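Geometric and topological summary
Spelled out from the first residue to the last, the chains are:
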Amino acid sequence: PELQYRCVHGQLWTSLLAASVQLCDHQPGDGGFCIVRGSHKLNLPVPTDFADGVGSAFAEHIHHPATRAGDVVLWSEATVHGATPWRAERERRVAIYRFAPPNMGYGRGYLDIPPGAMEGLTPLQRAVLEPPYATRLERPLVTASA
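As the structure is a computational prediction, the values presented were derived from the model and not from experiment. Starting from 1, residues in each chain are numbered consecutively following that chain's sequence as written. Local features in this predicted model are restricted to residues of pLDDT 70 or higher, and side-chain atom pairs are both shown and tallied only at a pLDDT of 80 or more, whereas totals for entire chains, interfaces and linings draw on every residue. As a rule here, side-chain values come from all non-hydrogen atoms in the structure, and water together with hydrogens is ignored.

The subject of this paragraph is a nonpolar patch on the surface. Like-charged residues are merged into a patch within 9 Å and nonpolar side chains (Val, Leu, Ile, Met, Phe, Trp, Tyr) within 5 Å, provided each residue has over 30% relative accessible area and no salt bridge. To measure how exposed things are, a 1.4 Å probe is used in the Shrake-Rupley method; for residues, cover is taken only from the protein chains shown. Each salt bridge in this description consists of a side-chain nitrogen of Lys or Arg and a carboxyl oxygen of Asp or Glu lying within 4 Å of one another. There is a patch of nonpolar side chains on the surface, built from L17, V72, L74, Y97 and F99 and spanning about 490 Å² of accessible area. Only DSSP runs of H or I with at least four residues qualify as helices, and only runs of E with at least two residues qualify as strands; both kinds are numbered from the N terminus onward. Within the fold, L17 resides in strand β3 (residues 17–22).

As defined by bridge partners, strand β1 (residues 5–8) adjoins strand β2 (residues 11–14) across four bridges and the pair is classed as antiparallel. Each residue of the ladder has a partner; that of C7, found in β2, is L12. Here β1 folds back onto β2, and the loop between the two strands holds two residues, one of which, H9, carries a positive phi near 50 degrees. Strand pairing follows a simple DSSP-based rule, namely that at least 2 bridges must link the two strands.

Here T79 is to be found in the loop between β6 (72–76) and β7 (81–84). Exposure remark for T79: the relative accessible area of 7% places this residue in the buried category. In this structure, T79 is in contact with I35, V36, S39 and H40, ignoring residues within four places of it in sequence. Only protein chains enter the calculation, and the probe is 1.4 Å; a residue is then buried if its accessible area is under 20% of its type maximum, exposed if over 50%, and partly exposed in between. Working rule for contacts: check all heavy atoms of both residues, and any pair within 4.5 Å makes them a contact.

We now examine the sheet that holds β6. The antiparallel open sheet is built from three strands, whose spatial order is β6-β3-β8. Edge positions in the sheet fall to β6 and β8 (94–99), since each has one partner strand and no second. With strand direction ignored, the average angle separating the axes of adjacent strands in the sheet is 15 degrees. Across six bridges, the pairing between β3 and β8 is antiparallel. From the neighbouring strand, S20 faces β8, where its bridge partner is I96. Each axis is a line fitted through C-alpha atoms, taken for helices only over the stretch in contact, and angles between the N-to-C directions span 0 to 180 degrees.

Shown next as structure tokens:
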């Protein structure tokens, strides 16, 4: 399947789902996570000013959800989303989880771990630091009993 969102005969399907667990409150005007509602259904390219959030004509379509610590925001990666500058006095903290088919692990890049940084780590700790890839590639598995 493609990396997209679709709805056919009332059945929703997405191959890339993201979840953001809010670790602090996000009030209106704070900045941070933003999304263009309904953009996962687009069949035309998004204008650059719209996607970058710089065109004032598009401001009304860019949504910043107000959330409280502990809330979870779910969205399809096919949706135009990003973050605007954080303006609150407190630090912005979120935990982002992304879900995809195992043979479609994605990401623009992962940090190179400096030489020596892995010394002294347990096998479980090393497994957690692995980048995503299909389990058929003999990735170490992290389980509750590990």
